[in-house]
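Here are the chains, one letter per residue:
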Amino acid sequence: MGLLTTLLTLPVAGPIKGALWLTGKIHEQALQAINDPAEIKRQILRLEQALEAGEIDEETYEAAELALLTRLRETQRAGRA
């Protein structure tokens, strides 16, 4: 019955499984992009530019910079492991 059930549910289960697989791949790519050291460094640079342009205050800058530097350290540590 396993084969028969698979064949009968394929029109519904196939697209669902495909969508779940695609969602997983998109999630993996997003995590790689977020944890890319070069991207984190670009975000720090944009943050510095925003501070210099007066778009954000010093307190906001320091909090965001700390979060980015922490992410960068964690990413580098994970890369060594």
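Higher on the page you've got the structure.
Caption draft 1: Molecular detail of the environment of Thr 70. Tracing the sequence through the fold places Thr 70 in helix H3 (residues 58–80). Classification of Thr 70 by relative accessible area gives partly exposed; the value is 28%. In the structure, Thr 70 is positioned 57 residues away from Ala 13 in sequence and 42 Å away in space, judged by C-alpha atoms.

Caption draft 2: Looking closely at the pattern of salt bridges. Evaluated as defined, the whole model comprises three salt bridges. Measuring nitrogen to oxygen at the nearest pair gives 3.8 Å for the salt bridge that ties Glu 28 to Lys 25. Of this pair, Glu 28 and Lys 25 both sit in helix H1 (residues 2–34), separated by three residues, roughly a single helical turn. Classification of Glu 28 as partly exposed rests on a relative accessible area of 42%. One salt-bridge network, held together by shared partners, links Glu 39, Arg 42 and Arg 46.

Caption draft 3: Here's a closer look at the nonpolar core. Listed in full, the six residues of the largest apolar core are Ile 40, Ile 44, Leu 47, Tyr 61, Leu 68 and Leu 72. The set of elements that each furnish at least two residues to this core consists of helix H2 (37–52) and H3. Once you skip the residues sitting within four places of it in the chain, Ile 40 turns out to touch Ile 34, Asn 35, Leu 68, Arg 71, Leu 72 and Thr 75.

Caption draft 4: Layout of the environment of Leu 47. One can find Leu 47 in helix H2. Assessed through its relative accessible area of 13%, Leu 47 is described here as buried. Measuring from C-alpha to C-alpha, the distance between Leu 47 and Thr 6 comes to 52 Å, with 41 residues separating the pair along the chain. Beyond its immediate sequence surroundings of up to four residues, Leu 47 is in contact with Ile 56, Tyr 61, Ala 64, Glu 65 and Leu 68.

Caption draft 5: Quick peek at the environment of Glu 74. Along the chain, Glu 74 turns up in helix H3. Judged by its relative accessible area of 45%, Glu 74 falls in the partly exposed class. Sequence spacing of Glu 74 and Pro 37 is 37 residues, and the spatial spacing of their C-alpha atoms is 9.9 Å.

Caption draft 6: View of H2. Over its 16 residues, H2 extends 23 Å from the first C-alpha to the last, a length consistent with the 22 Å expected when each residue adds 1.5 Å. For H2, the complete set of buried residues consists of Glu 39, Ile 40, Ile 44, Leu 47 and Ala 50. One side of H2 carries all its buried residues, which in axial view fall inside an arc of 145°. In this structure, the buried side of H2 is in contact with H1 and H3. After H2 finishes, the residue Gly 54 shows a positive phi value of roughly 80°.

About the cut-offs
Residues numbered from 1 in each chain as written. Predicted model: local features only at pLDDT ≥ 70, side-chain atom pairs only at ≥ 80, totals over all residues. Heavy atoms only, no water. Helix = DSSP H or I, 4+ residues; strand = E, 2+ residues; numbered from the N terminus. Buried < 20%, exposed > 50% of the residue type's maximum accessible area, 1.4 Å probe, protein only. Salt bridge = Lys/Arg side-chain N within 4 Å of Asp/Glu carboxyl O. Core = buried A, V, L, I, M, F, W, Y, C linked by side-chain atoms within 4.5 Å. Contact = heavy atoms within 4.5 Å. Expected span 1.5 Å × (residues − 1). Arc of directions from axis to C-beta.

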